[in-house]
Amino acid sequence: MDNIQLTENEKKELEEFYHKHKNCCMKHLGKPFFSTTGGQYTFLITPTGLGNVIQVQCNVCKEIKDITDVSNW
């Protein structure tokens with residue numbers, strides 16, 4: 001698979017998601033981080049004939065957000 005490059009709109013959506021979930025570990029797990037090796041977020045990338053569908057998941061609360069910018073498809 002080719003390297004995935006996020007558009008500016010996708011980066012903005014991702015930053016908003018990070019900001020919303022930055023305290024999930026403390027709120028749900030009672031600790032400041034998910035694990036010593038990270039892993040709080042998972043990226044789900046689904047290739048299609050038009051472009052990649054990009055989703056990000058918070059591994060603490062399990063919320064998934066589609067950040068795909070379809071404006072250039």
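Before reading further, recall that the structure is shown in the block above.
Since we're looking at a predicted model, the values are computed, not measured.

### Overview of the nonpolar core
At step 1: Membership of the largest hydrophobic core is limited to 9 residues, which are Leu14, Phe17, Cys24, Cys25, Ile54, Val56, Cys58, Val60 and Ile67.
At step 2: When contributions to this core are tallied by element, the ones reaching two or more residues are α1 (8-21), α2 (24-29) and β2 (52-58).
At step 3: Take this core: its biggest share by element is 3 residues, from β2.
At step 4: Filtering out sequence-adjacent residues up to four positions away, Leu14 remains in contact with Leu6, Phe43, Val56 and Ile67.

### Side note on the packing of aromatic side chains
At step 1: This structure, assessed with the given rule, holds 2 aromatic pairs.
At step 2: Where Phe17 meets Tyr41, the ring centres are 6.2 Å apart and the plane angle is 65°; that geometry is what we call edge-to-face. Taken together, the positions of Phe17 in helix α1 and Tyr41 in strand β1 (residues 41-47) put the pair 24 residues apart, joining distant regions of the chain.
At step 3: Since its relative accessible area comes to 23%, Tyr41 is described here as partly exposed.
At step 4: An angle of 50° between the planes, with centres 4.6 Å apart, marks the rings of Tyr18 and Tyr41 as tilted. Placement of Tyr18 in helix α1 and of Tyr41 in strand β1 is noted, with a sequence separation of 23 residues between them.

Criteria and thresholds
- Residues numbered from 1 in each chain as written.
- Predicted model: local features only at pLDDT ≥ 70, side-chain atom pairs only at ≥ 80, totals over all residues.
- Heavy atoms only, no water.
- Core = buried A, V, L, I, M, F, W, Y, C linked by side-chain atoms within 4.5 Å.
- Buried < 20%, exposed > 50% of the residue type's maximum accessible area, 1.4 Å probe, protein only.
- Helix = DSSP H or I, 4+ residues; strand = E, 2+ residues; numbered from the N terminus.
- Contact = heavy atoms within 4.5 Å.
- Phe/Tyr/Trp six-rings, centres within 6.5 Å; stacked < 30°, edge-to-face > 60°.

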